[in-house]
Amino acid sequence: FQAEDGIRDVAVTGVQTCALPIWVKGRADMLEAASVPSLLVRTATDVAHDPTMRIDVRDVSVETVEVRTPRPGGARFGSLVHAILADIPLGDADAGTVADVAAAHRVLLGATTEEQSAALAVIDAVRTHPRWRDAVEAERRGRCYRELPITLKLGAVLVEGTIDLAYEQAGQLVVVDFKTDRDVDDALEAYRRQVQIYVTALGEALTLPSTGVILQV
């Protein structure tokens, strides 16, 4: 007997048996096993908002940047502030350079001139904050990281994210995450979990003690 797949009957202790069903079942089992991912990739934000994912928050504090002028809210304004903070030079950026960066991102995001002006006021306040100044000093020593991609394995989940700002100071890593919410209280626990992921990932990668700061701007 010749099967369609070219597999012939085989004789085992005088009993004729067909190998095809065995092969078909083995192939089906293999395909089923292969269809289950060995590692699930998720974002840090997604994992942070998932209460079924255990994250022991222990090294994250919250600090506030005082901005004395009125400012809008919303996702677009937050994106504008983040984009400017990511692209301006840490230390020696003059007002013209910062304004040019803000104008470019305003156009890219379709923001208003009012949002640009408010964002510049926020940026000015951030640049006077001690955390920013510490980062400037760390950059001079080559120990500062901006928009840094990270990964962290949590069981069968590979977590991916991007650190806004991190720097080494006195043998310790400080991870800074900018939040532009007017009131972070509602999402604070998720934000702390998110930053803890960053803290753990960077600390493990560089084998240094690390701490995190949510900088509310």
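Details of the structure are given in the entry above.
Here is what the cut-offs are and how they apply
Once a new chain begins, its residue numbering starts again from 1 and follows that chain's sequence as written. For a predicted model such as this one, the threshold for reporting local features is a pLDDT of at least 70, and the threshold for listing and counting side-chain atom pairs is 80 or more; totals across whole chains, interfaces and linings nevertheless cover every residue. Side-chain numbers here rest on the full set of heavy atoms in the structure, without hydrogens or water. For the purposes of this entry, the term helix denotes a DSSP run of H or I that reaches at least four residues, the term strand denotes a run of E that reaches at least two, and both are numbered from the N terminus. With the radius of gyration taken over C-alpha atoms, the globule rule is written as 2.2 Å times the number of residues to the power 0.38. To sort residues, take the accessible area from a 1.4 Å probe on protein chains only and compare it with the maximum for the residue type: under 20% means buried, over 50% means exposed, and anything in between is partly exposed. By definition, residues are in contact when any of their heavy atoms lie within 4.5 Å. For the accessible areas, the method is Shrake-Rupley and the probe is 1.4 Å, while residue cover comes only from the protein chains on display. Counted as positive: Lys and Arg. Counted as negative: Asp and Glu, with His and the chain ends omitted from the count. A single reference atom marks each charge: NZ on Lys, CZ on Arg, CG on Asp, CD on Glu. Site definitions follow a grid-based scheme: protein atoms alone, a 1 Å grid, a 1.4 Å probe that fits but cannot get out for cavities, and for pockets an open set with protein on both sides within 12 Å along at least five of seven lines, plus lining residues having an atom within 4 Å of a point. Grid points are joined across faces, edges and corners, and a volume is the space filled by probe spheres set on the points. Residue type decides the class: Asp, Glu, Lys and Arg count as charged, Ala, Val, Leu, Ile, Met, Phe, Trp, Tyr, Cys and Pro as nonpolar, and the leftover types, Gly among them, as polar. Lines fitted to the C-alpha atoms define the axes, with helices restricted to the stretch that makes contact. Angles between their N-to-C directions range from 0 to 180 degrees. Here roughly perpendicular refers to angles of 65 to 115 degrees, roughly parallel to angles under 35, roughly antiparallel to angles over 145, and oblique to all remaining angles. Note on convention: the crossing is left-handed when the near helix lies turned anticlockwise from the far helix by less than a right angle, right-handed when the turn is clockwise. As used here, the arc belongs to the directions running from the helix axis to the C-beta atoms.

Caption draft 1: Just the overall build of the protein, in detail. The helix and strand tally for the protein stands at seven helices and eight strands. Compactness check: the protein gives a C-alpha radius of gyration of 26 Å against a globular reference of 17 Å for 217 residues, more than 25% above the reference. Projected onto its principal axes, the C-alpha coordinates of the protein cover approximately 90 × 40 × 35 Å. Burial status across the protein gives 38% buried among its 217 residues. In the protein, once contacts between residues fewer than 6 apart in sequence are set aside, the share between residues at least 24 apart is 69%. Of the roughly 12,100 Å² of accessible surface on the protein, a fraction of 54% belongs to carbon and sulfur atoms. Put simply, the protein has 22 plus and 32 minus side-chain charges, and the middle of one group is 2 Å from the middle of the other.

Caption draft 2: Unusual backbone geometry, seen in detail. The phi torsion at E147 lies on the positive side, around 50°, for a residue other than glycine. Here E147 lies in strand β5 (residues 144–154). The exposure class assigned to E147 is partly exposed, which follows from its relative accessible area of 35%. A positive phi is found at A170, a non-glycine position, where the angle reads about 55°. One can find A170 in the loop between β6 (157–169) and β7 (172–179).

Caption draft 3: A look at the side chain of T180. Residue placement: T180 occurs in the loop between β7 and α7 (188–206). In this view, T180 contacts R71, G78, V81, H82 and V217; residues no more than four positions away in its chain are not counted.

Caption draft 4: Summary view of empty space enclosed by the protein. If you walk through the whole model with that rule in mind, you get one cavity of 30 Å³ or more. In this structure, the largest cavity occupies an estimated 40 Å³ of space. Taken together, L85, A86, W132, R146, E147, D164, L165 and F178 make up the lining of the largest cavity. Of all elements in the fold, only α3 (75–87), β5 and β6 reach the threshold of two or more residues within the lining of the largest cavity. By residue class, the composition of the lining of the largest cavity is five nonpolar, no polar and three charged.

Caption draft 5: Structural detail: the packing of helix α4 (residues 95–109) against helix α5 (residues 113–127). The interhelical angle for the contact between α4 and α5, taken along N-to-C directions, is 135°, at an axis separation of 10 Å. By the criterion of interaxial angle, the relationship of α4 to α5 is oblique. Our pair here, α4 against α5, has a crossing hand that is right-handed. Listed contacts from α5 to V98, A99, A102, A103 and R106 of α4 are T113, Q116, L120, I123 and R127. The class makeup of the residues in the contact of α4 with α5 is six nonpolar, two polar and two charged.

Caption draft 6: Inspection of helix α6 (residues 130–140) at higher detail. Those residues of α6 that fall on the buried side of the exposure criterion are R131, W132, A135, V136 and A138. Taken end-on, α6 shows its buried residues confined to a sector of 165°, consistent with a single buried face. Of the exposed residues in α6, those oriented more than 90 degrees away from the buried face are P130, R133 and R140.

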